[in-house]
Amino acid sequence: MKDALLAALQKAIAVLHEQGLLDTDALPSSAQITRTRDASHGDFACNVAMVLAKAAKMPPRQLAEKLIAELPSTAEIVRTEVAGPGFINFYVSHDVATSIVPTVLTQGEDFGRGKPDKPLRMNVEFVSANPTGPLHVGHGRGAASGASLSSLLRFAGHEIDAEYYVNDAGRQMDILGTSVWLRYLQACGEVFTFPSNAYQGDYLPEMAESLLREHGQALRHSAEVVFADVPADAPQGGDKEAHIDALIAAAKRLLQDDYRLPFNIALESILADIRQDLGEFGVHYQTWFSEASLHPEKVDAAVAELTAAGHMYEKDGNVWFRSSDFGDEKDRVVRRASGSYTYFASDIAYLRDKFARGYEHLLYVFGADHHGYVPRVRAIAEAFGYDQERVEFCLVQFAVLYRQGEKVQMSTRSGEFIPLRELRNEIGNDAARWFYVMRSTDQHMDFDLDLAKKQSSDNPMYYVQYAHARICRVLEQAQERGWAFDREQGEANLGLLTSEMEAEILTALAAFPERIESASRQREVHNVCNYLRELAASYHSWYNSEKALIEDAALRNARLALMAAAQQVLANGLRVLGVSAPTQM
RNA sequence: GCGCCCGUAGCUCAGCUGGAUAGAGCGUCGCCCUCCGGAGGCGAAGGUCAGGGGUUCGAAUCCCUUCGGGCGCGCCA
């Protein structure tokens, strides 16, 4: 419809150009057709007269009049008018408005699906929490946002792979593996003080038990031997970092090849837990990418490529990446004097690997606390010669949980995490998914747990789901009364849907594909929530004022057709969000 | 100190590639069940879009600046 209107305006402009009133015959790119917010402004509005007023040396309203006079007449537009400072408002015919119903019913779950001119093969990375313990609520918003954004982009017609980067290399993992081993030693009967900097979680003794079951006492060494030459821990007046590092070294030395046993048990069981947790949350990945798999070949190769390109230099025995050449605030060490790679080296290899796998576009969904990381990753991409625009970041601000008006305390330092699983159990997966994404991701948000649990219209998710369930019940009722929905008759009588509320719903249904397109283009999942709430509100309002199950079969089926279309669109929108569309509640 | 995000109704937030009278929910105050699910609907009150400058036909939206709030600035991962 918008394209048809633009084409018509284009013709009118060409006519005015021939008459010498305009010095251009082109439609300016800043001219746009928009859906009106207010029905009293018609269905569509165009700003072209205001944009061209200066060039035409004519007041906008006068220019608008002249343009309207030259518009080719069509059956689809029943009225055109000049309004406000010079808008041209278009009123579409009732037939055009109701034609959305058969369109929705025919396209079904594909209604709203986008067909971009050039679909992007895109990698979306999110969560990527270190596998050192269960996910907690701090990861929840990233998980919900990443998953819904992926699904939105996919629905908008892009080819999306969701990816989880597993940080299974590095010191944190060594601390975890060593922690498990120490718990194992305790389970074997060794007596010593558990290090303050080791992982304290109560999931560790369980892993130690399974290590004991599988390998008996094979990995046992006496506490005396293990702690020989280990400097004091912090509570004893020493240094906690030095203490744990010495224990890691002792573990590697004493266990040799067996070092990987406690390490792998820890990694596998935690990863399995995360995977299950996310799966239950409706968050699924195409790829779980292991950081360790980058070492050493891919890291060597990536570093060699940047070295050859002249982006590396040596200083103080360290190898540095000249990231400040690409807008980063300072250069970064890639390889220490000791010969070991930094975490940044993995990042370099990882980005290169993503592009090597054929992705045209990389989207990183980060927690806002990682924003300092953005210039670094951009610098890597640029150094490899990739266009900046192919690397994109979505920063997700923190959500603060509130219960009974009180902020729910959660400090990473005290280790008092609320597990994501606990939140899901408390309020349900649907509410958690909806509430995490209902606000713009760059907006720090308050998450009201009590509201999320409420089963009333106060709760926007409930309100939308209820609209869907209500329609399902009406359609069922119709059947029970021997008035099963007759689609053919309904579609033949859509002309009977003439009330303001019906017009409002029709307009909302027609807007769905555009709303999906703009939400995906702007990476704004929350707009899908807003849209669904608006549609649900229109529906509830209509439901309250008009009965569908009436004797008049023509009108009844026309209304049922509109309902069925609304039901379909509600379901499609909820599906994008990863929220269920219940048939009864 | 430097960088990123934010500041819109009592509260939580939409609206931001500049467009018409700045919207919604909650809360407050009224009203509506002989009814397809009241788990709902209708209405009222409520605003210096943090302050100040600028850009222009037009600014909540863009630019500058001040003031507030959040977060980040390791050879950690």
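Our structure's up above, just so we're on the same page.
Residues numbered from 1 in each chain as written. Chains lettered and ligands numbered in written order. Predicted model: local features only at pLDDT ≥ 70, side-chain atom pairs only at ≥ 80, totals over all residues. Heavy atoms only, no water.

A. Fine view of the packing of aromatic side chains. Across all of its chains, the model carries 25 aromatic pairs by this definition. Here Phe 366 and Tyr 373 contribute two aromatic rings whose centre-to-centre distance is 5.3 Å and whose plane-to-plane angle is 75°, an arrangement assigned as edge-to-face. Exposure remark for Phe 366: the relative accessible area of 10% places this residue in the buried category. Grouping aromatic residues by their ring pairs yields a cluster made of Phe 111, Phe 155, Phe 512 and Tyr 531. Across the ring face of Phe 194, the terminal group of Arg 183 is positioned such that the distance to the ring centre comes to 3.5 Å. In this structure, Arg 335 packs its charged tip against the face of Tyr 341, placed 4.4 Å from the ring centre. (Phe/Tyr/Trp six-rings, centres within 6.5 Å; stacked < 30°, edge-to-face > 60°. Buried < 20%, exposed > 50% of the residue type's maximum accessible area, 1.4 Å probe, protein only. Lys NZ or Arg CZ within 6 Å of the ring centre and 35° of its normal.)

B. Structural detail: unusual backbone geometry. A cis amide bond, omega -10°, links His 295 with the succeeding residue Pro 296. In this fold, Pro 296 is placed in the loop between strand 7 (287–290) and helix 12 (297–308). Positive phi values are uncommon outside glycine, yet Gln 256 reaches one of about 55°. Here Gln 256 is to be found in the loop between helix 10 (240–255) and helix 11 (260–280). For Gln 256, a relative accessible area of 55% corresponds to the exposed category. In this structure, Arg 523 is a non-glycine residue whose phi angle is positive, near 55°. Considering the arrangement of structural elements, one finds Arg 523 in the loop between helix 20 (500–521) and helix 21 (526–545). Under the relative-accessibility criterion, Arg 523 is labelled buried at 17%. (Helix = DSSP H or I, 4+ residues; strand = E, 2+ residues; numbered from the N terminus.)

C. The arrangement of helix 3 (residues 60–70) in detail. Those residues of helix 3 that fall on the buried side of the exposure criterion are Leu 63, Ala 64, Leu 67 and Ile 68. Buried positions in helix 3, seen along its axis, are confined to an arc of 140° and lie on one side of it. Summarising the contacts, the buried residues of helix 3 are in contact with helix 1 (2–18), helix 2 (48–56), strand 3 (77–83) and strand 4 (87–92). (Arc of directions from axis to C-beta. Contact = heavy atoms within 4.5 Å.)

D. Local environment of the nonpolar core. Core analysis: the biggest nonpolar cluster contains 132 residues, and Trp 434 and Tyr 436 have the highest contact counts within it. Of the residues forming this core, the biggest block, 13 residues, is contributed by helix 22 (residues 553–577). In terms of nonpolar packing, the next biggest core, distinct from the first, is built from 34 residues, Phe 355, Tyr 364, Ile 380 and Ala 383 among them. (Core = buried A, V, L, I, M, F, W, Y, C linked by side-chain atoms within 4.5 Å.)

E. Broad picture of the protein's contact with RNA strand B. Near RNA strand B lie 60 residues; those nearest to it are Phe 87, His 371, Arg 439, Ser 457 and Tyr 463. Near-protein atoms of RNA strand B (within 4 Å) split between backbone and bases, with sugar and phosphate holding 66%. Take Asn 318: an N or O atom from its side chain is 2.8 Å from a base nitrogen of RNA strand B. In this structure, His 371 approaches RNA strand B through a side-chain N or O atom, which is 2.3 Å from a base nitrogen. Listed by contribution, the elements that provide at least two residues to the surface near RNA strand B are helix 2, strand 4, helix 7 (171–188), strand 15 (445–448), helix 18 (460–480) and helix 21. For the surface near RNA strand B, the leading source of residues is helix 21, giving eight residues. Counted by class, the surface near RNA strand B contains 18 nonpolar, 25 polar and 17 charged residues. (Near = heavy atom within 4 Å. Polar contact = N/O pair within 3.5 Å; in protein donor to acceptor, adjacent residues only side chain to side chain. Nonpolar A, V, L, I, M, F, W, Y, C, P; charged D, E, K, R; others polar.)

These figures come from the coordinates and say nothing about function on their own.
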